[in-house]
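Fold and geometry: a report
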Amino acid sequence: MEMRTAFRVLLLAAIVLVGTTSRASAQADFAIGGLSVKPGTLASGAFDIPARGAEAATTIPFSVIHGTKPGSVLALIAGVHGMEYTPILALQRLRTAIEPASLAGTVILVHVANMPSFLGRTIYYSPVDGKNLNRVFPGTPDGTVSERIADVLTREVIARATHVVDVHCGDGNESLRPYAYWTTTGPDAVATAGKEMALAAGFDHIVVDRERPTDPGATVYLSNTAILKGKPAITIESGFLASTDEVSIVAIERAAAGVMRWLGMRPSGPDPVAHPIWIERSEVLRSDVTGMFQPAVERGHTVAAGSLIGRITDFHGTPLREVRAPFAGEVLYVVATPPISKGEPLAFIGQAAH
Ligand SMILES: [Zn+2]
């Protein structure tokens, strides 16, 4: 009796092993958004967001590069903020630069996550519902358009990925120097992998973010949604002021190549950053009034505690505020166009770890 049971367990183990081996040697098709992508091919499609109430229908264009060998599923997402162009342009280049025949695993490229904002040329907020897409995750299928876009990204993209990179730059009003965010929220193993991912992305400034929400029902941010599902994720920033400059685009392509190498999806790629500057202390300076902002610094400037960051006036030009650095550090971004509404960011100051 005991021996028979042992034999059954062994037999079962053998069947499981055979099953695993045969699955691993034959890469299955990758099904997403109504497409079934064959191994070794590239396919493009779109997630449809149907019209709801007074809101028109919209669409989220994506591509899938499905490798010939099994491996990680890396989602690169651009255009969560529609006036951030360098991520969108970098992902178009990656679509043809990543060769499916030599890829292990799968790359999902979301080309323009926030189509209403992209076509409407809006910073931060959707022109349809006035919401910031990167503040409404995980979204809901019966909400406003930004919430429904977040829901589709959560269910169709984040759920299918093993690793996520949310690709941003300075928004249309922000003069930004490149950096990555490493978020420490979530399980230790996820945070540790996220740190390695941030290093692999190659940006020498890494902002350590220890204050993301931990409620899976109110994840707020795209990358945080992935992290709380146990998937390592980072946010990267490269580009500024609605530019389409080559240096910023190439840095994003390089970051993707570095992360793919780290994941073993491609045999070679750029090295991780050797000497990162960890930004342990950082603060977004916000305006407590509505008016006009004139910066006194530029992106990447070093500032002392109390340094003038800029001035706010009313619409006649009368001075209202002087904005000063709360501590010594570097200007990671500064708003460089005049309009300011109460509560909006003016600048992001980061201080390196000592
Ligand atoms: Zn952004």
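Here is what the cut-offs are and how they apply
- Residues numbered from 1 in each chain as written.
- Predicted model: local features only at pLDDT ≥ 70, side-chain atom pairs only at ≥ 80, totals over all residues.
- Heavy atoms only, no water.
- Buried < 20%, exposed > 50% of the residue type's maximum accessible area, 1.4 Å probe, protein only.
- Helix = DSSP H or I, 4+ residues; strand = E, 2+ residues; numbered from the N terminus.
- Pairing = 2+ DSSP bridges.
- Expected span 1.5 Å × (residues − 1).
- Contact = heavy atoms within 4.5 Å.
- Salt bridge = Lys/Arg side-chain N within 4 Å of Asp/Glu carboxyl O.

On to the pairing of strand 4 (residues 58-66). Burial within strand 4 is extensive, with 7 of its 9 residues counted as buried. In this sheet, strand 4 lies alongside strand 3 (residues 41-49) in antiparallel orientation, the contact comprising 9 bridges. By the bridge assignment, Gly 45 is partnered in strand 4 with Phe 62.

Now for helix 2 (residues 85-97). For helix 2, which comprises 13 residues, the first-to-last C-alpha distance of 18 Å matches the rise-based estimate of 18 Å (1.5 Å per residue) to within 8%. Buried residues in helix 2 make contact with strand 4, strand 5 (69-78), strand 6 (104-110), helix 3 (115-120), strand 7 (163-168) and helix 7 (246-262).

The next thing to look at is the pattern of salt bridges. For the structure on display, the rule yields 14 salt bridges. As a salt-bridge pair, Arg 93 and Glu 246 come within 2.9 Å of each other at their nearest N and O atoms. Linking Arg 93 in helix 2 with Glu 246 in helix 7, this pair joins segments that are 153 residues apart in sequence. In this structure Glu 246 comes out as partly exposed when scored by relative accessible area, which is 45%. Residue Arg 212 pairs with Asp 209 through a salt bridge whose shortest N-O separation is 2.6 Å. A residue is classified by how much of its surface remains accessible, and Asp 209, at 12% relative accessible area, is buried. Among the charged side chains, a salt-bridge network with shared partners connects Arg 93, Glu 246 and Glu 253.

Interpretation note: all reported values are geometric properties and have no functional meaning in isolation.
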